[in-house]
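Understanding the architecture of this molecule
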Amino acid sequence: MNKITLNIDGRELQAKSGQSLLSVARENGIYIPTLCYHPRTKKAGKCRICVVAVEGLPGLQVSCSLAAADGMIVHTYTKKIIETRKMIVELYLASGKHDCPTCEADGECELQDVAKVLGIEKSGFPMSDKGYVTDSSSPMIIRDMNKCIHCYRCIVGCNDLVVNEVIEMGYRGSRMTVVCDLDSPMGDSSCVICGECVQLCPTGALTEKKAAGKESNRDTVKVRTTCPYCGVGCQIFLHVRDNEILKVTGVEAAKPNYGSLCIKGRFGYDFVNSHDRLKSPLVRKDGKLVEVSWDEALDYTAKKLSQIKNDHGPDSIVGIGCARTTNEDNYLMMKLMRGVIGTNNVDHCART
Ligand code: SF4
Ligand code: SF4
Ligand code: SF4
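What this report covers is the structure whose coordinates are included nearby. Here the structure is a predicted model, which is why all the values come from computation and not from measurement.

Parameters and conventions
Residues numbered from 1 in each chain as written. Chains lettered and ligands numbered in written order. Predicted model: local features only at pLDDT ≥ 70, side-chain atom pairs only at ≥ 80, totals over all residues. Heavy atoms only, no water. Pairing = 2+ DSSP bridges. Helix = DSSP H or I, 4+ residues; strand = E, 2+ residues; numbered from the N terminus. Buried < 20%, exposed > 50% of the residue type's maximum accessible area, 1.4 Å probe, protein only. Arc of directions from axis to C-beta. Contact = heavy atoms within 4.5 Å. Near = heavy atom within 4 Å. Nonpolar A, V, L, I, M, F, W, Y, C, P; charged D, E, K, R; others polar. Salt bridge = Lys/Arg side-chain N within 4 Å of Asp/Glu carboxyl O.

So, the pairing of strand β13 (residues 282-285)
- When β13 meets strand β14 (residues 288-291), the two strands line up antiparallel, connected through 4 bridges. Bridged to L282 within β14 is E291.
- Hairpin connection, β13 to β14: the antiparallel pair is bridged by 2 residues, and D286 has positive phi, about 50 degrees.

Describing helix α3 (residues 110-117)
- By the burial criterion, the buried members of α3 are L111, Q112, V114 and A115. Seen along its axis, α3 keeps its buried residues to an arc of 165 degrees; they face one direction. Along α3, the residues that are exposed and aim more than 90 degrees away from the buried face are K116 and V117.
- In this fold, the buried residues of α3 make contact with α2 (79-94).
- Phi turns positive, to about 75 degrees, at G119, one or two residues after α3.

Side note on the site of ligand 2
- With respect to spatial proximity, the complete set of residues near ligand 2 consists of I141, C158, N164, V166, M186, C191, V192, I193, C194, G195, E196 and C197.
- Split into classes, the residues belonging to the shell around ligand 2 amount to 9 nonpolar, 2 polar and 1 charged.

Considerations on the pattern of salt bridges
- Counting across every chain of the model gives 12 salt bridges.
- Between R218 and D106 there is a salt bridge, with its nearest N and O atoms 3.1 Å apart. Taken together, the residues R218 in the loop between β9 (206-208) and β10 (221-226) and D106 in the loop between α2 and α3 connect sequence positions 112 residues apart.
- Taking the relative accessible area as the measure of exposure, D106 reaches 15% and is therefore buried.

Everything listed here is a matter of coordinates, which is why it stays silent on function.
Structure representation (structure tokens):
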């Protein structure tokens, strides 16, 4: 791709021909706010907050949709630009029930963040009540279309990224809203509950049901780890407070999943804090499973394995590794089977 040179806010910058102005600015640490553009959904041009002034072009230009050109002179921070961005954000804040202190997204909302950067405390426009009833029919996701800003990120995510093709923009004019299938409640729709739309939503329009009421964006620590379910190794953030996982999100900047997760990886973490979870080994005594110490359990297992090997030979024993353990643990299990038991009967659950 050809290299071009352009000037943004007095800085001479190199860019690829065809690259958007927004992307050039971001690469060079120049802040331009946006609510609809997302590096993974790309298709944008909806929110109009990313306006900039380009010398020689009339009015303001939408920087996410305008390609950088050689010799362009761009301004991202003039009085007119700031006033325009403020007006658009104030219209968004007035367009629905944006009562931040009671919102699940409070503390991790991109609309709230942009409003703060622009110094907006309250919209100057009267707040409208769209009157949508909150859709809690999905077991994992709450939809509050009163907080939707029509950014289309969820739609691109569902249709183009995970290709589940469940949601679209329905109705027209002031009633335009995101619908599942033919406007079914989400819980009755063909949604497979991957949560991609929740991950991409910049506001509190789509939120995690299990985190509801837990202020999951306040006083939490984000712990990066690897999803424990299968061998793909998706990267996740655990949002933790007081040793409790409040929600899980995908790590957008990392391979292999770039933020996407399946239903298990995103929502299947209850077992971690479950009271039913086994915390010590069980050995069957007189027909009943009873809790024992690790020493007793290991001695018992070693004795039984030796007995089976002596009576029936090493190939009567098989070891199956687990995708939820580390590679190192699986390696040790393989060494135990081959080096100690003396069999090549080794397999792994992720292979089946
Ligand atoms: S969606 Fe964002 S701006 Fe709207 S109420 Fe929730 S936190 Fe506030
Ligand atoms: S949870 Fe997944 S399948 Fe369901 S609407 Fe969202 S992106 Fe589509
Ligand atoms: S539900 Fe969220 S992601 Fe979807 S269009 Fe509305 S604000 Fe955007």
